[in-house]
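Observations on chain architecture
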Amino acid sequence: MPQTIHTGIKALIDEANAQIETLSAAEAIDAASSDDVVIVDIRDPREIERDGRIPGAFSCTRGMLEFWIDPASPYAKPLFQQDKKFIFHCAGGLRSALAAKTAQDMGLTPVAHLAGGFAAWRDAGGPVEKFEPKKKA
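1. Quick notes on the overall build of the protein
A count of helices and strands for the protein gives 6 helices and 5 strands. Each helix (α) and strand (β) of the protein, taken in turn from the N terminus, gives the series α-β-α-β-α-β-α-β-α-β-α. Oriented by its inertia axes, the alpha-carbon framework of the protein measures out at about 45 × 35 × 35 Å. For the protein, with 137 residues in total, the buried portion stands at 35%. Long-range pairs, those at least 24 residues apart, make up 65% of the contacts in the protein with a sequence separation of at least 6. In the structure as shown, the protein presents an accessible area of about 8100 Å², 55% of it carried by carbon and sulfur atoms. The positive charge centre, built from 16 side chains, and the negative charge centre, built from 19, are 7 Å apart in the protein.

Written as structure tokens, this is what we have:
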């Protein structure tokens, strides 16, 4: 018997966008120069390796986000305990809307997400660096 999905991805993204701050690429590029801002890249490592990354961005796959934010988690990252603004981005702006809402729901503030994701950043002339994976010995 097929599943009946009551809340689809479009509804989830619309709900997230209604509750979080969304930054344009130009706004995110300006904000990234501040010491009080952390750019959080939630893309898969293969996407980062293929397409490059925003210089200085912190990489946190979407699957580990909640575990890295929660200070009670054995996987907690001290970065998320800092008094900073966290701007989430993915490839195109869908996953980052969900990530920002989740982070905000958990109590992380302030948070925002980058409309259009990495593609919008790159297309707006934001700096991009090639990602060099660690060499295995």
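2. Details of the side chain of Lys101
Note on placement: Lys101 falls in helix 5 (residues 95-106). Of the polar contacts made by the side chain of Lys101, one reaches the side chain of Asp105; its length is 2.7 Å. Not counting residues up to four positions away in its chain, the partners in contact with Lys101 are Glu15, Ala16, Gln19 and Ile20.

3. Some remarks on the packing of aromatic side chains
Counted under the stated rule, the structure contains 4 aromatic pairs. An angle of 55 degrees between the planes, with centres 5.8 Å apart, marks the rings of Phe58 and Trp68 as tilted. Of this pair, Phe58 sits in strand 3 (residues 58-59) while Trp68 sits in helix 4 (residues 65-69); the two residues are 10 residues apart in sequence, bridging distant segments of the chain. Residue Phe58 is classed as partly exposed on the basis of its relative accessible area, which comes to 22%. With relative accessibility at 16%, the residue Trp68 sits in the buried group. Judged by centre distance (6.2 Å) and plane angle (90 degrees), the ring pair of Phe67 and Tyr75 falls under edge-to-face. Note on Tyr75: relative accessible area 47%, which makes it partly exposed. Clustering of aromatic rings is evident, with ring pairs tying together Phe58, Trp68, Phe80 and Phe86. The side chain of Arg43 reaches across the aromatic face of Phe118, ending 4.2 Å from its centre. For the cation-ring pair, Lys77 lies above Trp68, with the distance from its terminal atom to the ring centre recorded as 4.6 Å.

So, how was this worked out
Residues numbered from 1 in each chain as written. Predicted model: local features only at pLDDT ≥ 70, side-chain atom pairs only at ≥ 80, totals over all residues. Heavy atoms only, no water. Helix = DSSP H or I, 4+ residues; strand = E, 2+ residues; numbered from the N terminus. Buried < 20%, exposed > 50% of the residue type's maximum accessible area, 1.4 Å probe, protein only. Contact = heavy atoms within 4.5 Å. Areas by Shrake-Rupley, 256 points an atom, 1.4 Å probe, with all protein chains shown as cover. Lys, Arg positive; Asp, Glu negative; His and termini not counted. Charge placed at Lys NZ, Arg CZ, Asp CG, Glu CD. Polar contact = N/O pair within 3.5 Å; in protein donor to acceptor, adjacent residues only side chain to side chain. Phe/Tyr/Trp six-rings, centres within 6.5 Å; stacked < 30°, edge-to-face > 60°. Lys NZ or Arg CZ within 6 Å of the ring centre and 35° of its normal.

Nothing here speaks to function; it is all geometry.
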